[in-house]
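So the chains spell out like this:
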Amino acid sequence: MKTITYVIQDPIGLHARPAGQLAKAAGAWKECDIKITVGAKTVDAKRIMGVMQLGAKQGNTLTLAVSGPQEAEAAAALEEFLKNNL
Amino acid sequence: MIVGNGHPVFSGIAMGRVYVYKSGQATLPTSCGDPAEEKKNFEAAKLVALEQLQALVDQTAATLGEEQAMILDVQMMMLDDLDYLDSIDAMIQNGASAAEAVKETGDTFAATFAAMEDAYMQARAVDVRDVSGRVVTILCGGKVGFSMEEPGILIAEDLTPSETVQIPKDKILAFVTRQGSSNSHTAILARIMGIPSLVKAHIDIDSELDGRMMIVDGFEGRYFIDPDAEVIRLMEEKKNTADEYQRQLETYRGKESITKQGRKVKLFANIGNPSDVEHALKGDAEGIGLMRSEFLYLGRNDFPSEDELFNAYRQVVEGLQGRRVVIRTLDIGADKQADYFHLDKEENPALGLRGIRICIRRPQVFRTQMRAIYRASALGPVSVMFPMIASVWEVRKVWEMCQQIREEMIQEGLDIGDVEHGIMIETPAAALMAEQLAKEVDFFSVGTNDLTQYTLAVDRQNPSLDGFYDPYHPALLRLLREVAESAHKAGIWCGICGELAADLTMTDTFLDMGYDELSVSPTRVLSLRKKVCESEVYPK
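Residues numbered from 1 in each chain as written. Chains lettered and ligands numbered in written order. Predicted model: local features only at pLDDT ≥ 70, side-chain atom pairs only at ≥ 80, totals over all residues. Heavy atoms only, no water.

A. Structural view of the overall build of chain B. Regarding its fold elements, chain B presents 19 helices and 16 strands. In chain B, which comprises 540 residues, the proportion classed as buried is 53%. The contacts of chain B with a sequence gap of at least 6 include a subset with a gap of at least 24, amounting to 66%. Accessible area of chain B: about 24,000 Å², with a carbon and sulfur share of 49%. (Helix = DSSP H or I, 4+ residues; strand = E, 2+ residues; numbered from the N terminus. Buried < 20%, exposed > 50% of the residue type's maximum accessible area, 1.4 Å probe, protein only. Contact = heavy atoms within 4.5 Å. Areas by Shrake-Rupley, 256 points an atom, 1.4 Å probe, with all protein chains shown as cover.)

B. Highlighting helix 3 (residues 82-93) of chain B. Residue and element names in this part refer to chain B. Here helix 3 is 12 residues long and its end C-alpha atoms lie 16 Å apart, about the 16 Å a rise of 1.5 Å per residue gives. For helix 3, the set of buried residues is Y84, L85, S87, I88 and I92. Along the axis of helix 3, the buried positions cluster into a sector of 160°, meaning they face one direction only. Two to three positions downstream of the cap, the backbone nitrogen of D83 sits 3.1 Å from a side-chain oxygen, assigning the N-cap of helix 3 to D81. At the C-terminal side of helix 3, G95 shows a positive phi close to 105°. (Expected span 1.5 Å × (residues − 1). Arc of directions from axis to C-beta. Polar contact = N/O pair within 3.5 Å; in protein donor to acceptor, adjacent residues only side chain to side chain.)

C. The arrangement of the pairing of strand 7 (residues 213-217) of chain B in detail. Residue and element names in this part refer to chain B. Along strand 7, 4 of the 5 residues are buried, which leaves the element largely enclosed by surrounding structure. Note that strand 7 and strand 8 (residues 222-225) share 4 bridges and pair antiparallel. When the bridges of strand 8 are listed, I215 appears paired with F224. Two successive antiparallel strands, strand 7 and strand 8, enclose a turn made up of 4 residues, where G221 displays a positive phi of approximately 70°. (Pairing = 2+ DSSP bridges.)

D. The arrangement of unusual backbone geometry in detail. Residue and element names in this part refer to chain B. Even without a glycine there, the phi angle at K200 is positive, about 45°. Following the sequence through the fold, K200 ends up in the loop between strand 6 (197-199) and strand 7. Positive phi is not limited to glycine here, since M388 has a value of about 65°. Relative to the helices and strands, M388 is located in the loop between strand 12 (382-386) and helix 13 (392-411).

E. Structural detail: the interface of chain A and chain B. If you look at the interface, chain A gives 18 residues, while chain B gives 25 residues. With both sides pooled, the region where chain A packs onto chain B buries about 2,000 Å², and carbon together with sulfur makes up 65% of that total. A per-residue breakdown of the area chain A buries against chain B is headed by R17, R47 and M49 of chain A, which together make up 35% of the total. Our enumeration of links across chain A and chain B arrives at 2 salt bridges. For D83 of chain B, the salt bridge identified is with R47 of chain A, shortest N-O distance 2.2 Å. Where chain A packs against chain B, one counts 4 residue pairs in polar contact (both at pLDDT 80 or more). Of all the elements in the fold, those that place two or more residues in the side of chain A that touches chain B are helix 1 (16-27) and helix 2 (48-53) of chain A. (Buried area = accessible area lost by both parts, 1.4 Å probe. Salt bridge = Lys/Arg side-chain N within 4 Å of Asp/Glu carboxyl O.)

Functional significance is not addressed by these values, which are geometric in nature.
Pasting the structure below:
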């Protein structure tokens, strides 16, 4: 399993659109199981409703746990996504 | 030929086919008994919904801007969410019809969002309901929303804000609503879009009207259905004159607003929503003279968060690309409030707990809003103004609150721009005390609508008082002159942001009084600039 952490920079937090884009980006890694944790809540990163319900705000730390055959590539790609979008 | 009247909200002539808009009501069918069949129905309906949403995204991205398109984009993603789909599937397996399963699942997810702490996420409950409602309507065999094959005139009882998002605005030549008022959502939209429209129209809304020829005369507040040749000829003539005038106005785009004798004035726009910035720029406004904050508070279940407010103000400041925005703090009262404010019913809301009075009584509401405004001020020129001021002590109290908020923010390390603090002059008391008030603030903006109603003691919403509401009353003009003189004596600027600012018969008078800024509907800026450029008023 690969984990990455990221502190949200976007002043409005993990709002609907990035949540959707993140779910889409995670969904691209079909073989991988990707979990996302903020505070005490953990959800499936491929599910937009769950990701939105994290209610993550600017300054919150996201932890992404990726496991599966291409976990290293997936983790790197998702980290890149977070940096560019959040 | 049918001829009728309505209250015009924007002048102009529109000719086209009638489209009758009805908000559809659907009752849910029960399951056919075969879960596999229901599942298939759902899959098919989902595909149709996705297609419709994609078509809406394509339309709104071009006409309404990024934000509305984004909302639809998110709705499409929701339709593909695995939790959402799992829930629907489970209910269908348990004997529900596809429509029942979608409705129930949508309600459950909406409730989860509504229970979240973050106000932005709470507002997403609407999106889940909206997208689920769309699928349900498809399953019930109805058409969702409303489509127009060719440009036409839309007739409706009234339109809600969410309906105005869905209707194909690029095809609408005019709105005619049976209800509404000159301040209703449809009226405001019509003014911003610059299309002739009638509210409170005397019209029988019947689907038989669909497709018939109609003419709306926004100058006279009249409409004609199946007009005869003579009416068509007269209206075409009128339309050509209006179009010609519009073409003339275009030559004033990008020009300086200055009289022949060299008197300059700033022409700003009034807006009620961040997405209106686009219209303000299209109308060639030099800035925003009145940005209302009410939309951020109305039509929801709880107070907006600081981030939510900031995000809205940020959009405006960024959209204006360096032009100034004057943000008015929340101006609501018992007549126009959201339930969560829990304001008591009042005998006389116009004289009640409203505007700055609420902010003084509820510092927390004020604080959240001011923090958002100050944060936005780091991104571009921002002024803030306070409504319903009557006394010097109120201004001092507000200023004290503002300073405390600023200090707190500076300690937190937040950036704050150089914000001008001004007040609305809309009570006779404020107008009479202008000399003292001018020493306390950076600018004045006169709200002529309220100043007229309070000075003349005439309720402007009361139709039986037509004729008593006189914005040209000498008492009012005297106050306006004194306000401008007091402002300039203290070295501050003053503007007008009420409806009277757009009255071209008053432009010379206002320039002569010395007003530095006039703020009007986005679509009125160019005609006002033409008037200013033709004026002979000398600089003071």
